[in-house]
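In case you want the letters, here they are:
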Amino acid sequence: SVPAIMGSNVVDVDAAKIRGAGSNVHFDKVSVAYGALVVLHPLTLDIAPGEILAMIGPSGSGKTTALRAVAGFVKPASGRIRIGTTDVTDLPPYERGLGMVVQNYALFPHMRVEDNVAFGLRAQRADKALIAERVKDALATVGMSGFSRRYPRELSGGQQQRVAIARALAVRPRVLLLDEPLSALDAQIRRNMVEEIAKLHRDLPGLTVLYVTHDQTEALTLADKIAIMRDGRVSSHGPTVDLYRRPPNRFTAEFLGRAN
Ligand code: ADP
């Protein structure tokens, strides 16, 4: 059955609790190559504080690579990445102040929901009381308060993905990276989750989000701005409404389903 929507379960989360609320993410001429294959051509792009930027485009266009460069899992061949005033280009992933959720994000199957959510905090050696408070807040934020003692196998796919989001939020990230977070879910649950992510973002207004998807509908529904990727380059970038109403080129029009 479809899990209850977070809706009324959402507690009021104090946005100021989100560490570094309001950080921008800046790509400054970032290029990435795998051996001789250049998959990201010098990319300059800014995600404003608190903005949801959807990066969309066909498979292989470099979206995941761009996200992984922000996460620190891919080293740029050139260029710099800044989060707020911090140049993170040479920082290890766990020092970047990020939360990340990817497609098929496997929760640790042998751990209860609460221990999954606590994982990043324990890795940071946070103290017990703080961990308990953060886990409680994060689960409330995604409407999963009643599920802390369950194991992942006792949850639906949508619920598991909400726990994955709670785990990402528990460390109070400056920036949330979402890489096809809904692709593994079926259509109805995916639609619900899109609404839930929109609501989550309204409840955490300072949270900057990079949302990678190949799904135009998700992007059009959620994003303040859209960057359309093509062959390792940004083909167009702008406010969602503008791109949809006045696609600057045919590729954009086709990708947004606006071509006649
Ligand atoms: P997207 O997310 O838009 O589908 P990716 O960023 O995953 O695109 O991939 C961009 C290009 O980089 C593709 O051609 C892909 O095959 C290539 N690529 C991605 N990861 C690797 C890797 N680890 N080694 C070699 N090539 C890779």
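Quantities reported herein were computed from a predicted structural model and do not represent experimental measurements.

About the criteria used
Residues numbered from 1 in each chain as written. Predicted model: local features only at pLDDT ≥ 70, side-chain atom pairs only at ≥ 80, totals over all residues. Buried ≥ 20, exposed ≤ 12 C-beta atoms within 10 Å, placed from the backbone. Helix = DSSP H or I, 4+ residues; strand = E, 2+ residues; numbered from the N terminus. Pairing = 2+ DSSP bridges. pLDDT = per-residue confidence, 0-100. Contact = placed C-beta atoms within 7 Å. Axes fitted to C-alpha atoms, helices over the stretch in contact; angles between N-to-C directions.

1. Quick notes on the pairing of strand β3 (residues 52-56)
Consecutive side chains of a regular strand alternate in pointing toward one face of the sheet and then the other. Buried residues dominate β3, accounting for five of its five residues. Burial along β3 is two-sided: Ile 52, Ala 54 and Ile 56 and Leu 53 and Met 55, pointing in opposite directions, are all buried. As defined by bridge partners, β3 adjoins strand β8 (residues 208-212) across four bridges and the pair is classed as parallel. Bridge pairing links Leu 53 to Leu 210 in β8. Note that β3 and strand β9 (residues 225-230) share four bridges and pair parallel. By the bridge assignment, Leu 53 is partnered in β9 with Lys 225.

2. A few points about the confidence of the model for the chain
Taken over all residues, the pLDDT of the chain has a mean of 88, while the share at 70 or more is 91%. Low pLDDT (under 50) marks residues 1-20, which in the prediction has 40 contacts with non-local residues, meaning those over four places away or in another chain. This prediction of the complex comes with two scores: 0.88 for pTM and 0.97 for ipTM.

3. Overview of the pairing of strand β6 (residues 98-102)
Judged by how many residues are buried, β6 sits mostly within the fold: five of five residues are covered. Residues of β6 alternate between two faces, with Leu 98, Met 100 and Val 102 on one and Gly 99 and Val 101 on the opposite face, all of them buried.

4. Things to note about the sheet that holds β8
Each strand in a sheet pairs with another by means of backbone hydrogen bonds, the pair being arranged parallel or else antiparallel. Spatially, the six strands line up as an open sheet ordered β6-β7-β8-β3-β9-β10, and their pairing is mixed. The open sheet has two edge strands with one neighbour each: β6 and β10 (233-239). Within this sheet the neighbouring strands show an average axis-to-axis angle of 15°, counted without direction. In this fold helix α4 (residues 157-170) packs onto β6 and β7 (175-179), with an angle of close to 165° to the strand it touches most, β6.

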